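Letter by letter, the chains look like this.
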Amino acid sequence: QVQLVESGGGLVQAGGSLRLSCAASGLIFSRYAMGWFRQGPGKEREFVAAISWSGGSTYADSIKGRFTISRDSAKNTVYLQVNSLKPAEAAVYYCAAKYDSNVYRSGDGYPYWGQGTQVTVSS
């Protein structure tokens, strides 16, 4: 049974940073593409970043240069370093997994999801 557990969210001031983690279990982590998505209040879920099993990554244009996705296969964990946060980026951040060598920017491509971690940004 695939399980994804996010952590690292919290309250941060505008311009601040957080490191989000997603611990995966029940899968061969090195064979899964991993993605981060977010959903703010009253907003649709949106793509943030994704990383392939070989380490190739892709980012949403809105966060390029501020967020970094990475993975540690020894720990079965994917990370999202978020810097220079903006109040509008307050959201629940979700990680997702797909057994595939490619990366996907659409949430529809991921069958497995975590429960999310809340990021609150104060102005």
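All values derive from a computational prediction rather than experimental measurement. (Residues numbered from 1 in each chain as written. Predicted model: local features only at pLDDT ≥ 70, side-chain atom pairs only at ≥ 80, totals over all residues. Heavy atoms only, no water.)

**Student:** Would you explain the state of the cysteines in this entry?
**Tutor:** Between two cysteines, a covalent bond joining their sulfur atoms is known as a disulfide. Summed over the entire model, instances satisfying the criterion amount to one disulfide. Between the sulfur atoms of C22 and its disulfide partner C95 the distance amounts to 1.9 Å. Of this pair, C22 sits in strand β3 (residues 18–25) while C95 sits in strand β9 (residues 91–99), placing them 73 residues apart in sequence. Judged on exposure class, the residue C22 and its partner C95 are both buried. (Disulfide = S-S within 2.5 Å. Helix = DSSP H or I, 4+ residues; strand = E, 2+ residues; numbered from the N terminus. Buried < 20%, exposed > 50% of the residue type's maximum accessible area, 1.4 Å probe, protein only.)

**Student:** Explanation requested: the packing of aromatic side chains in the structure shown.
**Tutor:** For any pair of aromatic rings, the description consists of the separation of the ring centres together with the inter-plane angle of the planes. Applying the stated criterion across every chain yields a total of six aromatic pairs. Arranged with centres 6.4 Å apart and planes meeting at 50°, the rings of Y32 and Y112 form a pair that is tilted. Of this pair, Y32 sits in strand β4 (residues 32–39) while Y112 sits in strand β10 (residues 112–113); the two residues are 80 residues apart in sequence, bridging distant segments of the chain. You can call Y32 buried: its relative accessible area is 9%. (Phe/Tyr/Trp six-rings, centres within 6.5 Å; stacked < 30°, edge-to-face > 60°.)

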